Amino acid sequence: MVNGPALPKGVLSLHALPADHHEGPWDHIVTPPGLKERLLSQALLTLLHGRRLATLAGLPHGLIVLAGPPGTGKTTLARGLAQRAALAVAPEGATTYLEIDPHAFPSELLGESQRAITRLLRDTIPELAMRRPHTIVLIDEVESFAVARSAASMETNPVDVHRSTDAVLAGIDAIAAELPRVLFLTTTNFLTGVDEAFLSRADLVITFELPDTATIASIIRHSLVELAGLWPELAKLAADEELHARVAERCAGWDGRRVRKLVLAALAQRLDVAMDPGRLEADDLMAATGVPAGAA
Ligand SMILES: Nc1ncnc2c1ncn2[C@@H]1O[C@H](COP(=O)(O)OP(=O)(O)OP(=O)(O)O)[C@@H](O)[C@H]1O
Ligand SMILES: [Mg+2]
């Protein structure tokens, strides 16, 4: 892994996959049935057959967009997908995985961001993509990378927004044609803020929803199972599905991140539990929801 100043501009991190320490995220996220298979299939199609498919009139762009509210598992699932896809294609060779910092290209910097994006997509990514047979690029908050030109506010210079979004589109098109085994995974909270021409290049757009009660209960169970791995006394709480359902009832409308934090907050309701988390009880979980007992 390379980090810090040695990284090219705009690249947050760079890894070779598959790697053991990237196992986890894929299984941590609870999704509707079929979603993970659809995602993995799309990724493998690009990585394994991108070169052949690039000869088609309607060539794939190797672009997946995960959209949805904050804290619904988009980034975590994208990271997990990178590892899972890299594992599946490992017999054909390793995968270079890089995460882009979308804030490295502020659209208000006259011409500067257009040059930086062009350098990233024309030089940096192609150079990295030569190193290994497969490449996966994660762009979080893609709405700041491919700003919707139709919605660009007058505060930013519209000409610059146009130029930098044009540079993104041209770069993606060039990579799709010349380096068809590069896969872009992108996430956004604001689908409407992402440029329409960018979205129309996506091979798959998945919209995440806030978790329903059953999903919330699964997240609670998963968090407790993890805790029971650290404090085996908690195995009983982790197995109590009736409790998970009861707590989940009180968390309607919460996002997944908040549900994860609920379990942490439960550990901090009482001093003796904070000192010895093995003493966590059902009431601590109920108390952490902030809804008084009997009110829900
Ligand atoms: N469906 C889910 N199942 C299990 N855990 C979840 C789920 N959704 C979110 N989480 C948990 O919430 C936390 C935040 O997830 P993540 O950062 O991937 O969300 P995000 O959608 O990328 O959010 P943002 O839009 O704010 O960047 C993680 O710890 C993750 O495990
Ligand atoms: Mg995210």
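Residues numbered from 1 in each chain as written. Chains lettered and ligands numbered in written order. Predicted model: local features only at pLDDT ≥ 70, side-chain atom pairs only at ≥ 80, totals over all residues. Heavy atoms only, no water.

- The protein is annotated in an unreviewed UniProt entry as AAA+ ATPase domain-containing protein of Actinoallomurus oryzae.

1. Let's talk about the site of ligand 1
- The environment of ligand 1 is made up of 15 residues, and the closest members are G71, K74, T75, T76 and N189.
- Within the side chain of K74, an N or O atom sits 2.7 Å from an oxygen atom of ligand 1.
- N189 places a polar side-chain atom, nitrogen or oxygen, 2.7 Å from an oxygen atom of ligand 1.
- Contact with the protein chains hides 81% of the accessible area of ligand 1, taken as 640 Å² for the molecule alone.
- In a pocket analysis with a 2 Å cut-off to the grid points, ligand 1 is assigned to the largest pocket.
- For the shell around ligand 1, the secondary-structure elements that each account for two or more residues are α3 (74–89) and α10 (256–267).
- Split by residue class, the shell around ligand 1 holds four nonpolar, eight polar and three charged. (Near = heavy atom within 4 Å. Polar contact = N/O pair within 3.5 Å; in protein donor to acceptor, adjacent residues only side chain to side chain. Areas by Shrake-Rupley, 256 points an atom, 1.4 Å probe, with all protein chains shown as cover. 1 Å grid on protein atoms, 1.4 Å probe; cavity = no way out; pocket = protein on both sides within 12 Å on 5 of 7 lines; lining within 4 Å. Sits in = over half its atoms within 2 Å of the grid points. Helix = DSSP H or I, 4+ residues; strand = E, 2+ residues; numbered from the N terminus. Nonpolar A, V, L, I, M, F, W, Y, C, P; charged D, E, K, R; others polar.)

2. Considering the sheet that holds strand β4 (residues 134–139)
- Taking strand neighbours across the sheet as the criterion, the six strands line up as β1-β3-β4-β5-β2-β6 in an open arrangement whose pairing is mixed. The sheet is open, and its two borders are formed by β1 (11–17) and β6 (204–207), each paired with just one other strand. Averaged over all pairs of adjacent strands, the angle between their axes in this sheet comes to 15°, without regard to strand direction.
- Bridge count between β1 and strand β3 (residues 95–100): six bridges; the pairing is antiparallel. (Pairing = 2+ DSSP bridges. Axes fitted to C-alpha atoms, helices over the stretch in contact; angles between N-to-C directions.)

3. As for the packing of aromatic side chains
- Evaluated as defined, the whole model comprises zero aromatic pairs.
- The ring of W26 has K36 sitting right over it, with the charged end atom 5.6 Å from the ring centre.
- Just above the ring of W254 sits the side chain of R258; from NZ or CZ to the centre is 3.8 Å. (Phe/Tyr/Trp six-rings, centres within 6.5 Å; stacked < 30°, edge-to-face > 60°. Lys NZ or Arg CZ within 6 Å of the ring centre and 35° of its normal.)

4. Focus on the nonpolar core
- Counting 32 residues, the largest nonpolar core has I100, I125, F145, F184 and F198 as the members making the most contacts within it.
- Those elements that place two or more of their residues in this core are β1, β2 (63–67), β3, α4 (112–129), β4, α5 (158–178) and β5 (182–188).
- Among the elements that make up this core, the one with the highest residue count is α4 (seven residues).
- Sequence-distant contacts of F145, defined by excluding residues within four places in its chain, comprise I100, F105, I117, L120, L121, I139 and V168.
- A43, A82, L183 and I206 belong to the second-largest nonpolar core, a separate cluster that totals 26 residues. (Core = buried A, V, L, I, M, F, W, Y, C linked by side-chain atoms within 4.5 Å. Buried < 20%, exposed > 50% of the residue type's maximum accessible area, 1.4 Å probe, protein only. Contact = heavy atoms within 4.5 Å.)

5. What about the pattern of salt bridges?
- This structure, assessed with the given rule, holds 13 salt bridges.
- Between E99 and R79 there is a salt bridge, and its shortest N-O distance comes to 2.8 Å. Here R79 lies in helix α3 and E99 lies in strand β3, a separation of 20 residues in the sequence.
- Residue E99 is classed as buried on the basis of its relative accessible area, which comes to 10%.
- On the basis of relative accessible area, R79 is assigned to the partly exposed category, the value being 35%.
- Residue R181 is joined to E92 by a salt bridge in which the shortest nitrogen-to-oxygen separation is 3.9 Å. In this pair, R181 sits in the loop between α5 and β5 while E92 sits in the loop between α3 and β3, placing the two residues 89 residues apart along the sequence.
- One connected set of salt bridges, linked through shared partners, spans R270, D272, D276, R279 and D284. (Salt bridge = Lys/Arg side-chain N within 4 Å of Asp/Glu carboxyl O.)

6. What about the layout of surface pockets?
- Here the largest pocket defines a volume of roughly 660 Å³.
- What lines the largest pocket is a set of 29 residues, among which I29, G71, T72, G73 and K74 lie closest to the centre.
- Secondary structure elements with two or more residues in the lining of the largest pocket: α3, β5, α7 (213–230) and α10.
- Considering only residue class, the lining of the largest pocket consists of nine nonpolar, 13 polar and seven charged.
- Built from parts of two domains, the lining of the largest pocket gets at least three residues from each of domain 1 (4–207) and domain 2 (213–288). (Points joined across faces, edges and corners; volume = space filled by probe spheres on them. Domains from an automatic or database assignment.)

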